Amino acid sequence: MVEKLLRSHASVRKYKDYTLTKEEVSALVETAQHAASSHFVQAYSVIWVTDIAKKEELGKLSQNPKQFETAGAALLLCADFHRLQVAGKLHHTEIEIDTTENVLVGAVDVALFAQNLVIAAEAKGFGICFIGGVRNAPAEISQLVDLPEGVFPLFGITLGVPDQQNEVKPRLPVAAVLHENSYDSAKYESLLTEYDRTMEEYYASRGSNQKVANWTQQMAEFLESPRRPHIREFLASKGFHMK
Ligand SMILES: Cc1cc2nc3c(=O)[nH]c(=O)nc-3n(C[C@H](O)[C@H](O)[C@H](O)COP(=O)(O)O)c2cc1C
């Protein structure tokens, strides 16, 4: 049952006219909180953006307006070390947040929490889309929702009752991801060529947005130049200088 649900995931970017209730959002968050957490720091916060103007602005700033326009709930997922600073203060301790390790801890904690939330939402029949586009304008978005020092947004999640159904995207062959005892790079060329053929067929025949494309070419183009170089400076502005 769980496997069937996990294997049927496909992002949904258009939603029917239904607004999630506070009970629904709270229940999803509570379920998500049961994700494992590094040293139990629980270093995440979610901003549920219900204000129409703010939601629209979030869509604009993240350059993904369509998803936010119809979303039944718009969430901003943040790594949060501010709450840990407050915890430290309760014990008259100034905690040290400014490390690269903490950036990793926060990103992993948020990702595990978010994936739990997504699975819980999909199990209830909602569709979801992660919005990494939030990192296109992290400073402006932080300002929009008043994020303090020690808190940085990682991505958004839009969710709602699906108004579209995308086909499940084929993943890399398991052999390209699974290594036994030692890392084996020699197998990649043939496996990636095989996967390119699978993806070419998928892109050419899917229900909407058909295109001539394959995976390796897309990755080559996507990663040809540095992505979001402003992130380093933004993280520093939030108290993380990557020490
Ligand atoms: C962290 C993260 C950020 C993403 N950001 C965006 C985004 O900004 N806009 C969007 O339309 N999809 C976004 N996606 C969705 C991916 O494009 C999608 O998961 C991927 O193409 C696989 O397709 P599937 O989810 O339908 O299986 C994001 C996914 C993840 C995990």
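The coordinates are above.
Residues numbered from 1 in each chain as written. Predicted model: local features only at pLDDT ≥ 70, side-chain atom pairs only at ≥ 80, totals over all residues. Heavy atoms only, no water.

A. How the structure looks around the sheet that holds strand E3 (residues 127-131). Taken in spatial order, the 4 strands of this open sheet run E1-E2-E4-E3, and their pairing is antiparallel. A single partner strand is all that each edge strand has here, and the edge strands are strand E1 (44-48) and E3. Strand after strand, the sheet turns through a mean of 25° between neighbouring axes, direction not considered. As defined by bridge partners, E1 adjoins strand E2 (residues 73-80) across 5 bridges and the pair is classed as antiparallel. Bridge pairing links Ile47 to Leu76 in E2. In this fold helix H5 (residues 82-89) packs onto E1, E2 and strand E4 (151-160), with an angle of close to 50° to the strand it touches most, E2. (Pairing = 2+ DSSP bridges. Helix = DSSP H or I, 4+ residues; strand = E, 2+ residues; numbered from the N terminus. Axes fitted to C-alpha atoms, helices over the stretch in contact; angles between N-to-C directions. Contact = heavy atoms within 4.5 Å.)

B. Molecular detail of the pattern of salt bridges. Under the criterion given, the structure shown has 4 salt bridges. For Asp80, the salt bridge identified is with Arg83, shortest N-O distance 3.5 Å. (Salt bridge = Lys/Arg side-chain N within 4 Å of Asp/Glu carboxyl O.)

C. Representation of the pairing of E4. For E4, the buried fraction is high: 10 of the 10 residues fall into the buried class. Pairing of E2 with E4, which is carried by 8 bridges, proceeds in the antiparallel orientation. Bridge pairing in E4 places Ala73 opposite Leu159. When E3 meets E4, the two strands line up antiparallel, connected through 5 bridges. From the neighbouring strand, Cys129 faces E4, where its bridge partner is Thr158. (Buried < 20%, exposed > 50% of the residue type's maximum accessible area, 1.4 Å probe, protein only.)

D. Looking closely at the layout of surface pockets. Of the voids in this model, the largest pocket is the one considered here, and its volume is about 1,100 Å³. Ser11, Arg13, Cys129, Phe130 and Lys169 are the residues nearest the centre of the largest pocket, which is lined by 34 residues in total. Only E3, helix H9 (188-205) and helix H10 (215-222) provide two or more residues apiece to the lining of the largest pocket. Split by residue class, the lining of the largest pocket holds 12 nonpolar, 13 polar and 9 charged. Structurally, the lining of the largest pocket is a two-domain feature, drawing no fewer than three residues from each of domain 1 (2-167 + 224-237) and domain 2 (174-219). (1 Å grid on protein atoms, 1.4 Å probe; cavity = no way out; pocket = protein on both sides within 12 Å on 5 of 7 lines; lining within 4 Å. Points joined across faces, edges and corners; volume = space filled by probe spheres on them. Nonpolar A, V, L, I, M, F, W, Y, C, P; charged D, E, K, R; others polar. Domains from an automatic or database assignment.)

E. Region of the structure containing the site of the ligand. By nearness alone, 13 residues border the ligand, and His9, Ser11, Arg13, Gly132 and Lys169 come closest of all. Separating an oxygen atom of the ligand from a backbone N or O atom of Gly133 is a distance of 3.1 Å. Between Lys169 and the ligand, the recorded distance is 2.6 Å, taken from a side-chain N or O atom to an oxygen atom. Burial of the ligand by the protein amounts to 67% of the accessible area it has alone, namely 620 Å². Among the detected pockets, the ligand sits in the largest pocket. Residues belonging to the shell around the ligand are distributed by class as follows: 4 nonpolar, 6 polar and 3 charged. (Near = heavy atom within 4 Å. Polar contact = N/O pair within 3.5 Å; in protein donor to acceptor, adjacent residues only side chain to side chain. Areas by Shrake-Rupley, 256 points an atom, 1.4 Å probe, with all protein chains shown as cover. Sits in = over half its atoms within 2 Å of the grid points.)

F. Structural detail: the nonpolar core. In terms of nonpolar packing, the biggest core is built from 31 residues, with Leu77, Phe152, Ile157 and Leu159 touching the most fellow members. Residue assignment for this core shows that the elements contributing at least two residues are helix H2 (22-32), E2, helix H6 (100-123), E4 and helix H11 (231-237). Among the elements that take part in this core, H6 stands out by supplying 9 residues, more than any other. Those residues in contact with Ile157 that lie beyond four places of it in its chain are Ala73, Ala74, Leu75, Leu77, Ala114, Leu117, Val118, Ile128, Cys129 and Phe130. Among the nonpolar cores identified, the runner-up in size contains 19 residues, and Leu58, Ala71, Ala137 and Leu147 belong to it. (Core = buried A, V, L, I, M, F, W, Y, C linked by side-chain atoms within 4.5 Å.)

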